[in-house]
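# Examination of the molecular architecture
Chain residues, written in single-letter form:
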Amino acid sequence: MPQGPFRTAAGVGRAEHPWCDANAVQGIEGVDELGTAVDYTLKSIEHGIENNVRDRYDVIIVGAGLSGCTIAERLSRELGKTCLVLERRAHIGGNCYDYVTEHGIRASKYGAHLFHTKHPRVWEYVKRFSEWIPFDHRVRGQVAREADNTKTLVAIPPTMDTVNALFGTNIKTEEEMEAWYASERIFPANGADPANGEEAALTRVGPRLYEAIFKHYTKKQWDKYPEELDASVLMRLPCRTSTDDRYFNDPWQALPKRGYTRIFENMIGNDANVDVRLETDFFEMKRLGTLPKHDLLVYTGQIDTYYAALGMPKLEYRSLRFEEEYIEDTGDDGLFYQEAMVVNYPGADVPFTRIVEYKHVPNQPEGRHERPGTLIAREYSSAEGEPYYPVPNPENRALYERYAELAAKEEGVAFVGRLASYKYFNMDEAILNALEVFDNFMETGVLDPKRAPAEFGTA
């Protein structure tokens, strides 16, 4: 067992120099209105719809995740609009929701979330609701060596060190690494574009890295081999030519000092214009005719669920199942279960995709790194459960376009966010998309996205 959290000379959660220096966040940034308070009241948030609901709102928002809360915060603070936020879950924050467990470990209910962005506007926005600390996310993987098939811990995305460890090479410079990639890559015949995910992967990393790291991990994640997915899914595979083992390249990479839930609490938790009602089913209220009067509706849920009464086919999603285990005794040789927060298992011989050990992150409660006991979560991809990832293939894209045509004709309803757009957004993209919806409202009086979902970077 490791003795301490994943760290370097630059600190816990930091990459080695010079790579950590590329992170524009080098100290604590941002403002947390609630501060160090432990016992505090969030006056805007209640469970159920029975009490203290106004007869009329300017806007009803379905969903208290990134998209819904960003729009509610902007409409209230900038325009004084009254908003009713309806959330079927028992908490705000959507899939970003985190909490401190009974063992004093900050954990995420819906899997690890790592904030990173290249958008100055988004970074300036999120700093209004939290203090942020620098974090260079680095992932390790248990991958079989080519020579003897024994598992070794390597950096993912693959770096120069990864290739040397797996294939017995002795690459020392970026030029040599570029030459190695050039010798490995396989391109479609006659200069054609890759037709599917496998062809895309082969043009990016070649067959050996593809087989060792990406092929079976993709099958576990999507229940489809890469050749069954759009080329866009694997066309983004990073090709590192250096020893930079950071998972992301964005200039701002950080964690909220007191967790993600605190961001949402500061956004809408004590806003006199915003009422949040948890464990409340929008569709049941709509069926019963009990929705308060309102001028506009913002819907951030699954677009196919909104139109379920039409009997159209459902869109395909992948979900995640988490098998959590608290380990009280990590042995005499350490306080942690594994070497890094996230360790991937890309081989077909292991049913889960990765293990997350939350205790590694630097925004744990003070002193928790030094105390025994740790929490791990094995992640399994599933077709059942909360929708996480739209499945990108031609059939689903065509079906979504049918739903999008219906949505475009819906008067007074804005469909916003990853579920309503049938597109996976990183956290910063979800925020940017919501901010642009607000921009559009300011400019035109219409609550609609300014850009099509496809114009955002993540497929």
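Everything below is about the structure shown above.
Residues numbered from 1 in each chain as written. Predicted model: local features only at pLDDT ≥ 70, side-chain atom pairs only at ≥ 80, totals over all residues. Heavy atoms only, no water.

With that settled, consider the overall build of the protein chain. Along the backbone of the protein chain there are 13 helices and 21 strands. Against the 2.2 N^0.38 benchmark of 23 Å for 459 residues, the protein chain shows a C-alpha radius of gyration of 23 Å, consistent with a compact globule. In terms of principal-axis extent, the alpha carbons of the protein chain reach across some 70 × 55 × 35 Å. In the protein chain, the proportion of contacts linking residues at least 24 apart, taken out of those at least 6 apart, comes to 73%. Carbon and sulfur atoms form 48% of the exposed surface of the protein chain, whose accessible area is close to 20000 Å². (Helix = DSSP H or I, 4+ residues; strand = E, 2+ residues; numbered from the N terminus. Rg over C-alpha atoms; globule rule 2.2 N^0.38 Å. Contact = heavy atoms within 4.5 Å. Areas by Shrake-Rupley, 256 points an atom, 1.4 Å probe, with all protein chains shown as cover.)

On to the nonpolar core, then. Counting residues in hydrophobic clusters, the biggest one holds 120 residues, and the most contacted among them are Phe 115, Leu 209, Met 341 and Phe 415. For this core, the element with the most residues is helix α13 (residues 427-444), which contributes nine residues. With near-sequence residues (within four places) excluded, Phe 415 lies in contact with Tyr 299, Ile 303, Tyr 306, Tyr 307, Ala 407, Glu 410, Ala 420 and Pro 449. Core analysis: the next-biggest nonpolar cluster, separate from the first, contains 10 residues, Phe 6, Ile 327, Val 350 and Ile 355 among them. (Core = buried A, V, L, I, M, F, W, Y, C linked by side-chain atoms within 4.5 Å. Buried < 20%, exposed > 50% of the residue type's maximum accessible area, 1.4 Å probe, protein only.)

Below, the discussion takes up the pairing of strand β16 (residues 317-327). Bridge analysis of β16 against strand β20 (residues 389-390) gives two bridges, and the strand direction is antiparallel. What sits directly across from Arg 318, in β20, is Tyr 389. The pairing of β16 with strand β19 (residues 374-382) spans nine bridges and is antiparallel. Directly across from Glu 325, in β19, lies its bridge partner Ile 376. (Pairing = 2+ DSSP bridges.)

Once that is clear, we can look at the packing of helix α4 (residues 174-184) against helix α6 (residues 206-222). Each pair of packed helices can be described by the angle between their axes along with the distance between the axes. Axis separation between α4 and α6 bottoms out at 6 Å; the angle between their running directions is 90 degrees. With respect to α6, the axis of α4 lies roughly perpendicular. Packed against α4, whose contacting residues are Trp 180, Tyr 181 and Glu 184, the element α6 presents Gly 206, Pro 207, Arg 208 and Leu 209 at the interface. (Axes fitted to C-alpha atoms, helices over the stretch in contact; angles between N-to-C directions. Parallel < 35°, antiparallel > 145°, perpendicular 65-115°, else oblique.)

Let's shift gears to the sheet that holds strand β18 (residues 354-357). The seven strands lie next to each other as β12-β11-β17-β18-β19-β16-β20, forming an open sheet whose pairing is mixed. This sheet does not close on itself; its edge strands, each paired only once, are β12 (151-156) and β20. Its contacts with the sheet place helix α3 (residues 160-167) against β11 (139-144) and β12, and it is angled at close to 160 degrees to β12. With respect to the sheet, α6 is in contact with β11, β12, β16, β17 (342-344), β18, β19 and β20, its orientation differing from that of β16 by roughly 100 degrees.

Once that is clear, we can look at unusual backbone geometry. The amide bond that connects His 17 to the next residue, Pro 18, takes the cis arrangement and shows omega of 5 degrees. Position of Pro 18 among the secondary structure elements: in the loop between β2 (11-12) and β3 (29-30). The amide bond that connects Ile 156 to the next residue, Pro 157, takes the cis arrangement and shows omega of 0 degrees. Summarising the element assignment, Pro 157 is placed in the loop between β12 and α3. Notably, Asp 223 is not glycine yet its phi reads approximately 55 degrees, a positive angle. Relative to the helices and strands, Asp 223 resides in the loop between α6 and α7 (231-235). For Asp 223, a relative accessible area of 45% puts it in the partly exposed group.

Okay, the sheet that holds strand β10 (residues 131-134) next. Strand order across the open sheet formed by four strands is β3-β10-β13-β9, with antiparallel pairing between neighbours. The sheet is open, and its two edges are formed by β3 and β9 (115-117), each paired on a single side. When β10 meets strand β13 (residues 252-256), the two strands line up antiparallel, connected through three bridges. Note on β13: the bridge partner recorded for Ile 133 is Leu 255. Running over the sheet, helix α8 (residues 260-268) touches β9, β10 and β13 and is turned about 85 degrees from β13.

Moving on, we get to empty space enclosed by the protein. Taken as a whole and assessed by the stated rule, the structure comprises four cavities of 30 Å³ or more. Roughly 120 Å³ of volume is contained in the largest cavity. The wall of the largest cavity is formed by 14 residues, among which Ser 108, Tyr 260, Met 341, Val 361 and Asn 363 lie closest to the centre. Looking at the lining of the largest cavity, the element that brings in the most residues is strand β8 (residues 106-108), giving three residues. Classifying every residue of the lining of the largest cavity by side-chain character gives eight nonpolar, four polar and two charged. As a volume, the second largest cavity reaches approximately 90 Å³. Along the walls of the second largest cavity sit 13 residues, with Leu 66, Val 126, Trp 132, Ile 263 and Ile 431 positioned nearest its centre. Here the lining of the second largest cavity takes four residues from α8, the largest share from any one element. (1 Å grid on protein atoms, 1.4 Å probe; cavity = no way out; pocket = protein on both sides within 12 Å on 5 of 7 lines; lining within 4 Å. Points joined across faces, edges and corners; volume = space filled by probe spheres on them. Nonpolar A, V, L, I, M, F, W, Y, C, P; charged D, E, K, R; others polar.)

Mapping Leu 291 onto the fold places it in the loop between α9 (282-288) and β15 (293-299). Remark: the alpha-carbon pair of Leu 291 and Ile 49, spanning 242 residues in sequence, is separated by 9.8 Å.

The final tally for this structure, using the stated rule, is 34 salt bridges. The closest approach of N and O atoms between Arg 14 and Asp 136, which form a salt bridge, is 2.7 Å. Placement of Arg 14 in the loop between β2 and β3 and of Asp 136 in the loop between β10 and β11 is noted, with a sequence separation of 122 residues between them. The burial state of Arg 14 is the same as that of Asp 136; both residues are buried. Here Asp 245 and Arg 138 are joined by a salt bridge, their closest N and O atoms 3.6 Å apart. A residue pair is termed long-range when its members are at least 10 positions apart, and Asp 245 in the loop between α7 and β13 and Arg 138 in the loop between β10 and β11 qualify at 107 residues. (Salt bridge = Lys/Arg side-chain N within 4 Å of Asp/Glu carboxyl O.)

That is the geometry; function is a separate question.
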